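In case you want the letters, here they are:
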Amino acid sequence: MARIARYYREYGLRIVRGLLQYVWDDGGRRYLDCNTNHGVAFLGHANPKIAEAVRRQLEEVWAVPLNFYTPARERFIEEFSRLLPAKFGVVFLQNTGTEAVETAVKIAKKITRRPAIVAFTNSFHGRTMGSLSITWNERYRKAFEPLYPHVRFGKFNVPTEVDKLVQEDTCCVVVEPIQGEGGVNPATPEFLKALREETQRKGALLIIDEVQTGFGRTGAVWAFQKYGVEPDIFTAGKPVAGGLPIGLAVAREDFGDVFEPGEHGSTFAGNAVVMAAAAAASRLLREEDVPDKAERAGAELAKALGEVESRLAVRVKGMGLMLGLELRVKADQFLQPLLERGVLGLTAGVNTLRFLPPYMITREDIELVHAAVSEALKRAQ
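Residues numbered from 1 in each chain as written. Predicted model: local features only at pLDDT ≥ 70, side-chain atom pairs only at ≥ 80, totals over all residues. Heavy atoms only, no water.

*Asks:* Explain the sheet that holds strand 12 (residues 247-252) to me, please; I cannot follow it from the model alone.
*Replies:* In a beta sheet, neighbouring strands are held together by backbone hydrogen bonds and run either parallel or antiparallel to one another. One open sheet accounts for 7 strands, arranged 4-12-11-10-7-5-6; its pairing is mixed. One side of each edge strand has no neighbouring strand; the edge strands of this open sheet are strand 4 (88-94) and strand 6 (151-154). Within this sheet the neighbouring strands show an average axis-to-axis angle of 20 degrees, counted without direction. One ladder, built from 3 bridges, connects strand 5 (residues 116-120) with strand 7 (residues 170-175); its direction is parallel. Residue Val 118 lies in a different strand from strand 7, and its bridge partner there is Val 173. (Pairing = 2+ DSSP bridges. Helix = DSSP H or I, 4+ residues; strand = E, 2+ residues; numbered from the N terminus. Axes fitted to C-alpha atoms, helices over the stretch in contact; angles between N-to-C directions.)

*Asks:* Explanation requested: the packing of helix 3 (residues 71-81) against helix 9 (residues 272-287) in the structure shown.
*Replies:* For any two helices packed against each other, the geometry is given by the interaxial angle and the distance between the axes. For the pair helix 3 and helix 9, interaxial distance at closest approach is 8 Å and the crossing angle is 25 degrees. The angle between helix 3 and helix 9 places the two elements in the roughly parallel class. Between helix 3 and helix 9 lies a crossing of left-handed hand. Contacts between helix 3 and helix 9 pair Ala 72, Arg 73, Arg 75, Phe 76, Glu 79 and Phe 80 from the former with Ala 272, Met 275, Ala 276, Ala 278, Ala 279, Ser 282, Arg 283 and Arg 286 from the latter. Looking at the contact of helix 3 with helix 9, its residues break down into 8 nonpolar, 1 polar and 5 charged. (Parallel < 35°, antiparallel > 145°, perpendicular 65-115°, else oblique. Left-handed = near helix turned anticlockwise from the far one by under 90°. Contact = heavy atoms within 4.5 Å. Nonpolar A, V, L, I, M, F, W, Y, C, P; charged D, E, K, R; others polar.)

*Asks:* Explain the domain arrangement of the protein to me, please; I cannot follow it from the model alone.
*Replies:* Reports often express the size of an interface as the amount of accessible area lost when the parts come together. Parsing the protein into structural domains produces domain 1 (18-39 + 289-355 + 367-379) and domain 2 (48-288). For domain 1 and domain 2, the distance between their C-alpha centroids amounts to 26 Å. Of the residues lining the interface, 22 residues belong to domain 1; the matching set on domain 2 comes to 27 residues. The contact between domain 1 and domain 2 buries some 2,000 Å² in all, and 58% of this surface belongs to carbon and sulfur atoms. When the buried area of domain 1 at its contact with domain 2 is split by residue, Pro 291, Met 319 and Met 322 rank highest and sum to 34% of it. Across the domain 1-domain 2 interface, the total number found is 2 salt bridges. Of the charged contacts in the structure, one is a salt bridge between Glu 181 and Arg 354, with a shortest N-O distance of 3.0 Å. (Domains from an automatic or database assignment. Buried area = accessible area lost by both parts, 1.4 Å probe. Salt bridge = Lys/Arg side-chain N within 4 Å of Asp/Glu carboxyl O.)

In structure tokens, the structure reads:
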């Protein structure tokens with residue numbers, strides 16, 4: 001019998017069911033999910049409002065190409081539009097975050113006709129060849145080089161170097177408002193402001209990658225709204241369809257459609273079932289004021305992580321429910337001990353434990369995280 005190729009670390013856990021912030025293994029044990037498939041299940045596993053929309057759509061039609069109209073897609077764009085800042089009006093439908101980043105860069109190259117892309121140390125933008133070219137970590141890149149050659153990496157959060165990075169050949173600058181994979185590192189307001197000013201001065205486009213930060217997780221619908229800086233294009237993905245595959249590039253209205261027919265495409269983009277889920281998710285985000293709940297729950301979780309008593313713990317980083325606990329040692333050694341204590345987590349960078357729970361986590365859940373982290377670090381000491 002064939003097997004699934006192994007390119008992920010395995011933890012020996014067989015998950016058979018999920019509901020909201022919890023998952024269960026095949027032995028019936030419950031876990032608090034602070035992994036959420038790298039942030040995908042931010043709105044909870046099998047959220048009833050999203051699940052019902054998917055069930056209805058499954059009885060109608062599943063696969064409709066972008067050549068044809070469908071009510072599912074129309075409902076999505078109506079709901080999603082209510083979450084967009086005023087000047088954003090063109091949505092490019094894709095299937096994944098890395099596709100969304102690729103699309104955003106293609107838009108920038110088509111508009112500017114320039115070759116160079118600026119990205120930053122500790123960035124992560126995806127694993128397809130274009131997105132990989134602007135991802136910093138050599139561990140992800142080395143086996144696939146040479147990659148796209150016209151990339152300049154600058155130091156993240158160093159605004160004084162921005163004017164040297166953004167040159168006349170720059171088509172776009174791509175930046176995460178909070179670096180996820182790179183260590184849960186928030187951008188400073190001064191840094192993002194410098195990027196905005198310099199790209200405008202040099203005629204380059206600013207692309208903000210919101211695949212992990214966006215859709216309410218950081219306490220705002222889009223993390224860039226917390227900085228008072230608006231990009232020309234931003235990307236979204238992970239939680240937007242409640243757990244089904246989706247990626248989006250969202251551009252300024254005045255850019256228009258950008259691509260001629262045939263210049264860009266995607267077989268599964270705009271899938272009717274995914275669109276039904278994304279419409280329900282967009283409505284839920286607004287009606288339940290999810291960003292505000294994430295902000296409040298995130299403050300409690302950050303406080304609890306900050307109260308972990310261990311000489312191994314350095315500081316808590318992040319915003320809302322995108323949080324990292326920086327350690328003095330490698331973080332991956334603690335994922336299995338956390339799992340054994342009923343908490344699924346992630347790492348970020350080398351020495352940061354990352355927590356991306358669903359927005360509905362409770363005070364009891366936060367106490368569980370605190371206890372699990374405290375016990376795991378104490379054992380290591």
